[in-house]
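Summary of the model geometry
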Amino acid sequence: MTLSFVPFLFLVHLGVGIVLTLLLVEKVAGVKFFRFNAGFAATLLLIALAMRPDEVALGSGVHGIGLAALICSTGSLLVYWATIGRVLAWLRPVWLWLAGLSGVAAVVAQAIAAASDAGSLVVTGATVASFLTSMALLGGTSTAMILGHWYLVLPSMEVSLLQSIVKFHIGATALRILVVGGVVWWAITAADLPGPGFARYILSLDGVFFWQRILFGLLGPVVLSYMTWETAKIRSTQSATGILYVDFFTVIVGEVLAKYILVATSVPV
């Protein structure tokens, strides 16, 4: 894998994550909320398709399957965005579900392709789990942040909407920590990796990227998501939104670094 996979994987995981978390938000958030997020996710996926690495091409094995699924997800999302609040209201959930499921298929195919060189079921399973939890964390954080901001547009919304998506964000963060912890333990104790080994990597000068990934991408969201939950409980949606902006930034930094470490070491943290 080359460095060109770093932005490609990040954009796909964020875009598909947003699509899936939209399925968790109640309709009372309003048509404009769903249209804005669908447009944002579609833009991310279109950029990802435009800047995809040369290895990702139709007919190129698992990469080709992932690309076909990603094109299907993007197309379905564009149809959803174009029709929401306008025509064929009964079909909108179908397009959103199709975009989400085909997006998940694309992410799973990406993980299988990323782990193909290792030829191990353990590596493949760890990479799939890492990619799916990355998608959930990125999507949950983005949707929570935008939903918190939406209280300025619809002040009458129940605070329970924000609380429910923050719950999902907390759960996604906990699951991401479990997966990364398991992967790091495996990489240090059991993995047969090229080069000097992962333990030596994280203690070397290059290991600064790993520790930044842990600090910003995992520990930061733990603290900030808890602060958001406590703030939402007292119905201070503006303060919760401000915290979520910082939270989203730390998650972005952490997940971009995670993709870089995957390319540099083959360890899906």
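Keep in mind it's a predicted model, so treat the numbers as computed, not measured. (Residues numbered from 1 in each chain as written. Predicted model: local features only at pLDDT ≥ 70, side-chain atom pairs only at ≥ 80, totals over all residues. Heavy atoms only, no water.)

When helices and strands are tallied, the protein shows nine helices and zero strands. In the protein, the succession of α and β elements from N to C terminus is α-α-α-α-α-α-α-α-α. Relative to the globule expectation of 18 Å for 269 residues, the C-alpha radius of gyration of the protein, 19 Å, shows essentially globular dimensions. Projected onto its principal axes, the C-alpha coordinates of the protein cover approximately 55 × 45 × 25 Å. Classification of the 269 residues of the protein by burial places 51% in the buried group. Taking as baseline every contact in the protein between residues at least 6 positions apart, the subset at least 24 positions apart corresponds to 74%. Accessible area of the protein: about 12,000 Å², with a carbon and sulfur share of 71%. Treating the 13 positive side-chain charges of the protein as one cloud and the 10 negative ones as another, the clouds have centres 13 Å apart. (Helix = DSSP H or I, 4+ residues; strand = E, 2+ residues; numbered from the N terminus. Rg over C-alpha atoms; globule rule 2.2 N^0.38 Å. Buried < 20%, exposed > 50% of the residue type's maximum accessible area, 1.4 Å probe, protein only. Contact = heavy atoms within 4.5 Å. Areas by Shrake-Rupley, 256 points an atom, 1.4 Å probe, with all protein chains shown as cover. Lys, Arg positive; Asp, Glu negative; His and termini not counted. Charge placed at Lys NZ, Arg CZ, Asp CG, Glu CD.)

Before going further, it helps to spend a moment on the pattern of salt bridges. Considering all chains together, one arrives at four salt bridges under this definition. Its salt-bridge partner being Glu 255, residue Lys 259 comes within 3.4 Å of it at the nearest N-O pair. Highlighted residues: Lys 259 and Glu 255, both in helix 9 (residues 237-265), separated by four residues, approximately one helical turn. Connected via shared salt-bridge partners are Arg 176, Arg 213, Glu 255 and Lys 259. (Salt bridge = Lys/Arg side-chain N within 4 Å of Asp/Glu carboxyl O.)

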